[in-house]
Amino acid sequence: MPQFNWNDSKNLLSKITFRRFINGSKVLASFYMSRLLNKHIQWGFPVSVAFEPTTSCNLRCPECPSGLRQFSRPTGMLQNDFFKQTIDDIHKELIYLIFYFQGEPYLNTDFLTMVKYASSKRIYTATSTNAHYLSDEIAKKTVESGLDRLIISIDGTTQDVYEQYRVGGQLEKVLEGAKNIMKWKKELKSKTPFVFFQFLVVKPNEHQIEDIKRLAKQVGVDEVRFKTAQIYEYETDPNNLIPTINKFSRYNKNADGTYSAKNKLANRCWKMQHANVITWDGLVVPCCFDKDAKHQLGDLKKQSFKEIWQNKNYKQFRNDLMKSRKNIDICANCSEGVSVWRS
């Protein structure tokens, strides 16, 4: 599960009903029972789901399929009616809802309407944004929506460094949007959303790690978190993005100058048992590493979520993962356990 500070933790705990607690206990027990018996067992339903508001994005980040416009799957916008129908099916077990997969969520004009609906079901809601659309009006609506967590991606403290990864972005807009959110939290006397700057550490910005901490204090956000970058062609790193600070890299540098992934993949995955991702058009995929939805475990236009969770495709994928996770392509570059640090 994601990391929380104390106030954020209290907010999350307030969402846990007796039914959600029992369901979460079943999921956790099935994870450990699977490890004990070396056989996949799945009890309960997901406690966390990521919903994709859109595949569209205003930026062109070099390691993002959305930014590069390189999807092999259809692009589009999540429809509010479809979203509500799915939430109605799963909300009694669901604790945590992430409004993000690919794309910029605020480009979907129904985004905050969907946040408000999920919040009305007492689900903890979170999103990640590049903060270019947080005008004063939208910032106010964001706070009023009941959104519990707002991740603001800010990968540089000066424009020249910021735009090296956030291609096409304007740092001034990001800071203005963050200030608008903090202003309306204060005006409306709201404890939510919990706001943090997420700094994706890459080679061009690694010298600004201390600077982003100072900038966060000036703006007044709740926290700064540092994230390691997923590099698609990490063996050779053609875009020269892998940082020299080993702590903030997912990869080890080899003697010949190439790189290898740090993470040694065990034949188990906690995320596989407690969470999954739903694309804008209703495809259910294992996790956020399946950006092109190659591993389609089900289609919500054809089956209900709960039917998909226990269908043949899901069972086969879970069994394959427990037999040889390293042979599953989306697992090869997984950052599980080495991705985020809090300041």
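Novice: With reference to specific residues and values, describe the packing of helix 4 (residues 80-90) against helix 5 (residues 111-120).
Specialist: At a closest axis distance of 10 Å, the pairing of helix 4 and helix 5 adopts a crossing angle of 15°. With respect to helix 5, the axis of helix 4 lies roughly parallel. Crossing of helix 4 against helix 5: the hand is right-handed. Here helix 4 contributes Asn80, Phe83, Lys84, Ile87 and Asp88 to the contact with helix 5, which in turn contributes Thr113, Met114, Tyr117 and Ala118.

Novice: Could you give an account of the side chain of Ser30, with specific residues and numbers?
Specialist: Note that Ser30 resides in helix 2 (residues 18-37). With a relative accessible area of 0%, Ser30 lands in the buried category. Here the side chain of Ser30 touches Val27 through a polar contact of 2.7 Å, landing on its backbone oxygen. Discounting chain neighbours no more than four positions away, the residues touching Ser30 are Ile41, Gln42, Trp43 and Gln273.

Novice: Give a detailed account of the pairing of strand 2 (residues 96-99), specifying residues and quantitative values.
Specialist: Taken together, the three bridges between strand 1 (residues 48-51) and strand 2 define a ladder with parallel strand orientation. Within strand 2, the residue paired with Ser48 across the bridge is Tyr96. Relative to strand 3 (residues 124-129), strand 2 runs parallel, the two sharing four bridges. Paired with Phe99 across the two strands is Thr127, which belongs to strand 3. With respect to chirality, the unit in which strand 2 leads through helix 5 into the neighbouring parallel strand 3 is right-handed.

What counts, and where the lines are drawn
- Residues numbered from 1 in each chain as written.
- Predicted model: local features only at pLDDT ≥ 70, side-chain atom pairs only at ≥ 80, totals over all residues.
- Heavy atoms only, no water.
- Axes fitted to C-alpha atoms, helices over the stretch in contact; angles between N-to-C directions.
- Helix = DSSP H or I, 4+ residues; strand = E, 2+ residues; numbered from the N terminus.
- Parallel < 35°, antiparallel > 145°, perpendicular 65-115°, else oblique.
- Left-handed = near helix turned anticlockwise from the far one by under 90°.
- Contact = heavy atoms within 4.5 Å.
- Buried < 20%, exposed > 50% of the residue type's maximum accessible area, 1.4 Å probe, protein only.
- Polar contact = N/O pair within 3.5 Å; in protein donor to acceptor, adjacent residues only side chain to side chain.
- Pairing = 2+ DSSP bridges.
- Right-handed = clockwise from strand over helix to strand, strands pointing away.

Keep in mind these values describe shape, not function.
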